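Next come the chains, spelled out residue by residue.
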Amino acid sequence: MFQKPYPSVASLVTSNAPIPSVKAAGWVRTKRDAKDTAFLELNDGSCQGNLQVVIDKTSLPAAEAILASIATGASIEVSGELRASPAAGQKWELAASAVTLLGAADAETYPLQKKKHSLEFLREISHLRARTNTFGAVARVRNTLSFAIHEYFQNLGFYYVNTPIVTASDAEGAGQMFQVTTLDLDKVPRVKEGPGAGTVDYEKDFFGKKAHLTVSGQLNGETYATALGGIYTFGPTFRAENSNTTRHLAEFWMVEPEVSFLDINGNMDLAEDFLKFVFGRVLERNPEEMAFFNQWVEKGVVDTLKTVVQKPFARITYTEAVDVLVKSKQKFEFPVQWGIDLQSEHERYLTDVVYQGPVIVTGYPKEIKAFYMKLNDDGKTVRAMDVLVPRLGEIIGGSQREEDLAKLEKRITELGMHVDDYRWYLDLRRYGTVVHAGFGLGFERLVQYVTGMGNIRDVIPFPRTVGNAEF
Ligand code: 4AD
Ligand code: MG
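### Overview of the environment of Ile360
Okay, so step 1: Residue position: Ile360 is located in strand E13 (residues 359–365).
Okay, so step 2: Taking the C-alpha atoms as reference points, Ile360 and Thr317, 43 residues apart in sequence, are found 8.1 Å from one another.
Okay, so step 3: The residues touching Ile360, leaving out its near neighbours within four places in the chain, are Met268, Glu272, Phe313, Ala314, Arg315, Ile316, Met385, Asp386 and Val387.

### Description of the sheet that holds strand E8 (residues 179–180)
Okay, so step 1: Strands sit in the order E7-E9-E8 across an open sheet of three strands; the sheet is antiparallel. If you trace the sheet from one side to the other, it starts and ends with strand E7 (166–167) and E8, each paired once.
Okay, so step 2: Here E7 pairs with strand E9 (residues 211–213) via two bridges, running antiparallel. The residue of E9 that forms the bridge with Val166 is Leu213.

### Thoughts on the nonpolar core
Okay, so step 1: Formed by 53 residues in total, the largest nonpolar core has its most connected members in Phe274 and Leu446.
Okay, so step 2: Counting 27 residues, the second-largest nonpolar core is a separate cluster that includes Val336, Leu350, Ile412 and Tyr425.

### Concerning the side chain of Arg123
Okay, so step 1: Relative to the assigned elements, Arg123 resides in helix H3 (residues 119–124).
Okay, so step 2: A polar side-chain atom of Arg123 sits 2.8 Å from a polar atom in the side chain of Asp458.
Okay, so step 3: If we ignore the near neighbours within four places in the chain, the residues touching Arg123 are Arg129, Asn455, Arg457, Asp458 and Phe471.

### Here we look at the packing of helix H5 (residues 218–228) against helix H12 (residues 423–430)
Okay, so step 1: Viewed as axis vectors pointing N to C, H5 and H12 meet at an angle of 30°, and their least axial separation amounts to 10 Å. Taken together, the axes of H5 and H12 are roughly parallel relative to one another. Seen along the crossing, H5 lies across H12 with a hand that is left-handed. Contacts between H5 and H12 involve Gln218, Leu219, Asn220, Glu222, Thr223 and Thr226 on the former and, on the latter, Trp424, Tyr425, Leu428 and Arg429.
Okay, so step 2: The residue inventory of the contact of H5 with H12, partitioned by class, reads four nonpolar, four polar and two charged.

### Some details on the domain arrangement of the protein chain
Okay, so step 1: Here the protein chain is described as being made up of domain 1 (9–103) and domain 2 (133–164 + 228–458).
Okay, so step 2: A C-alpha centroid distance of 45 Å is found between domain 1 and domain 2.
Okay, so step 3: Taken together, the contacts link six residues of domain 1 with six residues of domain 2.
Okay, so step 4: Taking both partners together, domain 1 and domain 2 bury about 480 Å²; carbon and sulfur atoms supply 29% of that area.
Okay, so step 5: Scanning the region where domain 1 abuts domain 2 turns up zero salt bridges.
Okay, so step 6: Our enumeration of links across domain 1 and domain 2 arrives at five residue pairs in polar contact (both at pLDDT 80 or more).
Okay, so step 7: A class-by-class count of the residues in the side of domain 1 that touches domain 2 yields one nonpolar, four polar and one charged.

### Focus: a nonpolar patch on the surface
Okay, so step 1: A surface patch of nonpolar side chains, about 380 Å² in accessible area, is lined by Ile165, Val166, Phe206 and Phe207.
Okay, so step 2: Residue placement: Phe206 occurs in the loop between E8 and E9.
Okay, so step 3: A residue is classified by how much of its surface remains accessible, and Phe206, at 61% relative accessible area, is exposed.

### Side note on the packing of aromatic side chains
Okay, so step 1: Counting across every chain of the model gives 21 aromatic pairs.
Okay, so step 2: Consider the rings of Phe274 and Phe439, whose centres lie 5.9 Å apart with planes at 45°: the pair is tilted. Of the two residues, Phe274 is situated in helix H6 (residues 264–285) and Phe439 in strand E16 (residues 436–442); the sequence distance between them amounts to 165 residues.
Okay, so step 3: By relative accessible area, Phe274 is classed as buried at 0%.
Okay, so step 4: Owing to a relative accessible area of 1%, Phe439 belongs among the buried residues under this scheme.
Okay, so step 5: The structure contains a cluster of three or more aromatic residues connected by ring pairs, namely Tyr152, Phe153, Phe158, Tyr160, Tyr232, Phe274, Phe277 and Phe439.
Okay, so step 6: The ring centre of Tyr364 lies 4.3 Å from the NZ or CZ of Lys369, which sits over that ring.
Okay, so step 7: Over the ring of Tyr425 we find Arg429; its NZ or CZ atom is 4.2 Å from the centre of that ring.

Cut-offs applied
- Residues numbered from 1 in each chain as written.
- Chains lettered and ligands numbered in written order.
- Predicted model: local features only at pLDDT ≥ 70, side-chain atom pairs only at ≥ 80, totals over all residues.
- Heavy atoms only, no water.
- Helix = DSSP H or I, 4+ residues; strand = E, 2+ residues; numbered from the N terminus.
- Contact = heavy atoms within 4.5 Å.
- Pairing = 2+ DSSP bridges.
- Core = buried A, V, L, I, M, F, W, Y, C linked by side-chain atoms within 4.5 Å.
- Buried < 20%, exposed > 50% of the residue type's maximum accessible area, 1.4 Å probe, protein only.
- Polar contact = N/O pair within 3.5 Å; in protein donor to acceptor, adjacent residues only side chain to side chain.
- Axes fitted to C-alpha atoms, helices over the stretch in contact; angles between N-to-C directions.
- Parallel < 35°, antiparallel > 145°, perpendicular 65-115°, else oblique.
- Left-handed = near helix turned anticlockwise from the far one by under 90°.
- Nonpolar A, V, L, I, M, F, W, Y, C, P; charged D, E, K, R; others polar.
- Domains from an automatic or database assignment.
- Buried area = accessible area lost by both parts, 1.4 Å probe.
- Salt bridge = Lys/Arg side-chain N within 4 Å of Asp/Glu carboxyl O.
- Patch = residues over 30% accessible without salt bridge, like charges linked within 9 Å, V, L, I, M, F, W, Y side chains within 5 Å.
- Areas by Shrake-Rupley, 256 points an atom, 1.4 Å probe, with all protein chains shown as cover.
- Phe/Tyr/Trp six-rings, centres within 6.5 Å; stacked < 30°, edge-to-face > 60°.
- Lys NZ or Arg CZ within 6 Å of the ring centre and 35° of its normal.

See the structure below:
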């Protein structure tokens, strides 16, 4: 049976009893070296707190030489006794009987010295920032959220489906796409004759046609939802949007459940129940991380989450939202009138000021939403739903899907798209069509909301944005 090489610091600092002989390993966060005693704060990434290592130099004279070469960032192994600590704020300390330096870290050049570094600076050293309190906490909360997402859908009996990352159909039109090609851009093959003469000859490209990175797994997800009942995807998504904001990435992760026999109301219930479940899991499993965010990143984030888990989300229609915004007499950069797409400032006014919590908005004008959304009887609005949260605005976008073949074909044609390009998607309506609905959750926005982190670049290990694909 596999055992980890060392017990985790998390298991040691929460031990129920002293341990006469134990070994630990990790990275030194700080060293305090006094005449007879030295203290090291040891962190191995397993929890927010450190394990204090106490080195009694009078009984361990060999340690003196090693201590001289131990600085912040060094990796060490310590053997000793886990004993009750006289210091406040910690139950145990490790009284060292031997200390081994595994890897030194040069104090002159190691960028993570004890002082507080700006998030901007840490972005420049993304390969080391996971060793800080903030990024360790984000990574652990992100992990909890990932696992909770699977847990939630698996409990419902939904199947995890992997949809393609490379796609040759401009399925959604959900934003600018990254092209995927193996053509030599210095010697692009051109069509020699006929109607397309002079244009790029994609028949010579890898897939025999133009291909892109996916902007959403939804359309492929629908094929499995209309066979297996309930499914979800959870994978990377790419959008070449030139939006340099604190909420946009070019590569982000999206969770997309899709459920047969579900209408827009059921879809709202699912989204709300799902968010509350994953928030609850973080509150349960990451109390130390959340206390950290509450103190250092976003004051009140813990109480906010606790309230959100208990209160029903506000649910309003787009028309009601526009009404509220117009009547607010608030000066917005983008003036509000029926028909406009809600901007982040409008969304945040609804969540931060009017409802002071998450809001689900439904019934958007069809013109500002995707072709596949179910048309309402008014002929003007669609059964779309956006879940908006304070600070961020949109965190989830979804809808009931148009299941009527004729209406869907009509919409595709109206928008100047080609029915032929959607043949396989339309087959789901042609054969055994059913009411179905689903949504997409931006995973990084979820992590941002839960942790209170202000910039989306700080909740994904290696952010990809316009002009930046370092590491
Ligand atoms: O609203 P969107 O574009 O919806 C879809 O893609 C649908 N196909 C989803 C579905 O119904 N299955 O994107 C869904 C979510 C947004 O609400 C937002 O949280 C996130 O994805 N998102 C982004 N997150 C980070 N960076 C970006 N550039 C994002 N664009 C969208
Ligand atoms: Mg959206």
